[in-house]
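Residue-level listing of the chains:
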Amino acid sequence: MQYRVLGCSGGEAPGFRLPSFLVEERLLIDTGSVAMALEVTQQAGIDHILLTHTHLDHTGGLPHLADNILGMRSEPVQVHGIAPTLDGVRRYLLNDVLWPDFTRIPSSAFPTLAYREVHEGVPFELAGCTITAIRVNHAVECVAYFVEMGGRTLLHVGDTGPTEAVWRHAREVPHLLAVCVETTFPNRLQEVADYSGHLTPRSLEKELDKLDRDVPVYVYHLKPAFRSEILAELKRLRRRALHVLEEGTLYRF
Ligand SMILES: [Zn+2]
Ligand SMILES: [Zn+2]
C-alpha cells in the first residue's frame, strides 16, 4: 500500500507541514497541507478525502484544494467524515462566509465537492480500499481510519489522547501492516496533552501496550517547537519498530 506523507507536523512553520496523507494517489486522509504539497493537476486527481475531524490543521487545505480544482473534474471529490465533522465543515469552514460552499459551485448539479457521511464501525469501500472508522478520544469528535487493501490493513489514527476502542479493533485485524499515531507534546506538558486530547511519549507507550501486537509504529503530529525534546523522549522508550514519519516521503507498507 502506497502512503505518501504530504505533511505530518502538529504545527505549521517553514519546513513543517500540516497533516495530509495520500494513499495510492486517489485517496487523501486529511487536508492540512495538500494544496501546498501537490501540483494542481495532482490535486485534481484525488477522488476521495477522509477527514478525521474538524480541526483546522486537518481541514485547512480543503478550501484551497476546492478552489484550485474548480472546473477540472467531471465528478465531485467525495469528502467523507462522521456527521459532526461534516457538519462542522459545512457550518464553519465552507459556509459561504469564511469560504464559498463548494457543494454548490459551479452548480448544485455539478459541484466541486460532495459530502458523504461515515458511520463508525461500518466498513465501506472506496478507491479499491475497505475503510472502517473507529472513534478516538480528542477535544472534538474524531476518528481513526483502518484502511484495508488486499487483506492487509494500515491503521491511521487521527488526533487522540488515551483511548480504547481503536486498539480493541486493531487487535482483531488479521494483517496489520503499520500504525500511524500522533504524539503532540513532550512529557513535561502531559497535563496540556491530557486536557487537549493528545499524547506524549509517556502516554503513547501506554497506548501501544494496549495494541498488544508487534507491528511497526510511525509517530507524527509533533509540535515543531518541541520536536527535538519529543524525539529524545521517544528514543528513551527503547521500543523496537518505533519510527517517526518523514514529510514528503512515500512509504510502501
Ligand atoms: Zn485536533
Ligand atoms: Zn491535529
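This report concerns the structure included in the present document.

Considering the packing of aromatic side chains
Enumeration according to the criterion identifies seven aromatic pairs in this entry. Judged by centre distance (5.5 Å) and plane angle (50 degrees), the rings of Tyr3 and Phe253 are tilted. Here the residue Tyr3 occupies a position in strand β1 (residues 2-7), and Phe253 occupies one in the segment after β14 (250-252), the gap between them amounting to 250 residues. For the pair Tyr3 and Phe253, one class covers both residues: buried.

Comments concerning the coordination of the zinc ion (ligand 2)
Taken together, the protein donors to the zinc ion (ligand 2) comprise Asp57 (OD), His58 (NE2), Asp159 (OD) and His221 (NE2), at separations of 2.1 Å. Here the zinc ion (ligand 2) binds four donor atoms, and the angle range of 93 to 157 degrees at the metal identifies the geometry as irregular. Here the donor residues of the zinc ion (ligand 2) are spaced in sequence according to D-H-x100-D-x61-H. Metal-to-metal, the separation of the zinc ion (ligand 2) and the zinc ion (ligand 1) is 3.6 Å; Asp159 coordinates the two. Taken together, the residues span a long stretch of sequence, with Asp57 in helix α3 (residues 56-59) and Asp159 in the loop between β10 (152-156) and α6 (165-172) at a distance of 102 residues.

Here's the deal with helix α8 (residues 201-211)
Residue pairs spaced three or four apart in an α-helix point in one direction, given the helix's 3.6 residues per turn. All of the buried residues in α8 are Pro201, Ser203, Leu204, Glu207, Leu208, Lys210 and Leu211. Projected down its long axis, α8 carries its buried residues within an arc of 160 degrees, all on one side. Turned more than 90 degrees away from the buried face of α8 sit Lys206 and Asp209, all of them exposed. Here the buried face of α8 lies against α6, β11 (176-182), α7 (190-196), β12 (217-220), α9 (227-236) and β13 (242-244). After α8 finishes, the residue Asp212 shows a positive phi value of roughly 60 degrees.

Definitions and cut-offs
Residues numbered from 1 in each chain as written. Chains lettered and ligands numbered in written order. Predicted model: local features only at pLDDT ≥ 70, side-chain atom pairs only at ≥ 80, totals over all residues. Heavy atoms only, no water. Phe/Tyr/Trp six-rings, centres within 6.5 Å; stacked < 30°, edge-to-face > 60°. Helix = DSSP H or I, 4+ residues; strand = E, 2+ residues; numbered from the N terminus. Buried < 20%, exposed > 50% of the residue type's maximum accessible area, 1.4 Å probe, protein only. Donors = N, O, S within 2.8 Å, 3.2 Å for Na, K, Ca; no water. Tetrahedral: all angles 85-135°; square planar, octahedral: opposite > 155°, others 65-115°. Arc of directions from axis to C-beta. Contact = heavy atoms within 4.5 Å.

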